[in-house]
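Inside the fold
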Amino acid sequence: MEVVCLCRAGFEKEVVAELQEYAAQLQITGYVKAKDKSGYVSYVCASEDQAEKFVSTIPFTQLIFIRHWFVAHSPVMLPDVKDRVTPLSLEAEKFPPFTALQSLLADTNEGKSLAALSKSISRHLTQFLQRKKRLDANADWCAQLLFLDGDKAYFGRCRVDNISPWLGGIPRLRAPKSAPSRATLKLEEAWHHFVPKQEWSSRLAPGLRAVDLGAAPGGWTWQLVQKSMFVDAIDNGPMDEALMESGQVDHHRADGFVFIPKKSVYWLVCDIADKPARVASLVCRWAENRWFEEAIFNLKLPMKQRHAAVMDAAAKIGDVLHGAGIPFELRFKQLYHDREEVTAHLRLY
Ligand SMILES: C[S@@+](CC[C@H](N)C(=O)[O-])C[C@H]1O[C@@H](n2cnc3c(N)ncnc32)[C@H](O)[C@@H]1O
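Residues numbered from 1 in each chain as written. Predicted model: local features only at pLDDT ≥ 70, side-chain atom pairs only at ≥ 80, totals over all residues.

Time to look at the overall build of the chain. A count of helical and extended segments in the chain gives 11 helices and 15 strands. Relative to its length of 349 residues, the chain is compact, with a C-alpha radius of gyration of 22 Å against a globular reference of 20 Å. When burial is assessed residue by residue, the chain has 44% of its 349 residues classed as buried. For the chain, the share of sequence-separated contacts (at least 6 apart) that also reach a separation of at least 24 residues comes to 65%. (Helix = DSSP H or I, 4+ residues; strand = E, 2+ residues; numbered from the N terminus. Rg over C-alpha atoms; globule rule 2.2 N^0.38 Å. Buried ≥ 20, exposed ≤ 12 C-beta atoms within 10 Å, placed from the backbone. Contact = placed C-beta atoms within 7 Å.)

Set out below in structure tokens:
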């Protein structure tokens, strides 16, 4: 049985590295099937139990490059274009009831070209599952359909309690018209991913202070201002004028790597494009001095060893904070709105 993972196209190698690390942790043997720029990777496990252990034991919140995952037998062949539903319903009957059926797409042009087909087949399959009384709102697993091309699709299932709340790990966020840049969506998505909604009222509360390093033109600052926070925006570049008129932003034309805040703040956010090791050192200095309580920062990954670069940054921050005796929580995620980068969240206790 396979663990099928969706990711940003071009990051399949990073998903392979991640899967191999978890497989070693769980002592699961298997092999990887991956095609460059396909937007998905599959890990073939020796047994059904092993594949299910994978997606049940490793917390979804720990995954970095894997956007969504599910288990499935090998792809179902659909040679008859007039009847793709029968072979898929036979596959569906191998599993116990599901909460529902979700139609997924690889995040590539080829994947998107299969949207209409996938939607139509999943409608028929849902009717089949309803007729056969194989849908149960209290089930632990949700059925998954992923077309690879017109005559091949995975039919599998994912655990409902260990996946992203967004279908296929892709949030549907609208770019706000008044935000100065599209980068604004990265910070909004980061909050959705790293901060539980029921805690927004305290952790994203009006009146909190924030520092935004590499702030211009102000997409991330805009998000902080929307939450009625007060922001020190650090950048030699110009900030959006309308945003400055809010009266909640102080713009410092300074180097983010040497800027020292007058007082500690609740949020540090940093979107400076620099080497991950340099950004990690910057965050360590802020953390050791307890100049923030929570930080969200981007690590740009133009290099080849992208998974290793993230692991190195994690190890560096871990070493420094353990050494300083500061309890913390650190997570990384390649968000949907991230390109050649990952977003990190660091919370100090
Ligand atoms: C990706 S942009 C930030 C976009 C911003 N987050 C937004 O939402 O509009 C990176 C910014 O980092 C700034 N930058 C680069 N090196 C910097 C440094 N050493 N100190 C401060 N800002 C820096 C650049 O001027 C640029 O405006």
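Next comes the rest of the account.
Moving on, we come to the environment of Ser164. Tracing the backbone shows Ser164 in the loop between β8 (152-159) and α6 (184-194). Judged by the 22 C-beta atoms lying within 10 Å of it, Ser164 is buried. Once the C-alpha coordinates of Ser164 and Trp69 are considered, the two residues, 95 residues apart in sequence, prove to be 9.3 Å apart. Excluding anything up to four places from it in sequence, Ser164 contacts Phe60, His68 and Gly169.

A few words on the site of the ligand. The ligand sits among 22 residues. The nearest are Ala183, Gly214, Gly219, Gly256 and Asp271. Split by residue class, the shell around the ligand holds 11 nonpolar, 8 polar and 3 charged. (Near = placed C-beta within 6 Å. Nonpolar A, V, L, I, M, F, W, Y, C, P; charged D, E, K, R; others polar.)

A few words now on the domain arrangement of the chain. Partitioning the chain into domains gives domain 1 (2-169) and domain 2 (184-348). When each unit is reduced to the centre of its C-alpha atoms, the spacing between domain 1 and domain 2 is 33 Å. Each side of the interface is counted separately: domain 1 has 9 residues, and domain 2 has 9 residues. The residue makeup of the side of domain 1 that touches domain 2, split by class, is 4 nonpolar, 2 polar and 3 charged. (Domains from an automatic or database assignment.)

This brings us to helix α3 (residues 85-92). Along α3, the positions that sit buried rather than exposed are Leu88, Glu91 and Ala92. For α3, the angular spread of the buried residues around the axis is 100 degrees, confining them to a single face. Of the exposed residues in α3, those oriented more than 90 degrees away from the buried face are Thr86 and Leu90. In the core, the buried residues of α3 are packed alongside β5 (76-77), α5 (115-131), β7 (141-149) and β8. (Arc of directions from axis to C-beta.)

This part is about the sheet that holds strand β13 (residues 294-300). Each strand in a sheet pairs with its neighbour through backbone hydrogen bonds, running either in the same direction (parallel) or in the opposite one (antiparallel). The 7 strands lie next to each other as β11-β10-β9-β12-β13-β15-β14, forming an open sheet whose pairing is mixed. Lying at the two open borders of the sheet, with one neighbouring strand each, are β11 (249-252) and β14 (328-333). Going from strand to strand, the sheet's axes swing by 15 degrees on average, the running direction of each strand aside. Inspection of the sheet shows strand β10 (residues 230-234) paired to β11 by 4 bridges, in the parallel sense. Counterpart to Ala233 in the pairing with β11 is His251. Strands β13, β14 and β15 (341-348) of the sheet are contacted by helix α11 (residues 306-323), whose axis makes an angle of about 170 degrees with β14. (Pairing = 2+ DSSP bridges. Axes fitted to C-alpha atoms, helices over the stretch in contact; angles between N-to-C directions.)

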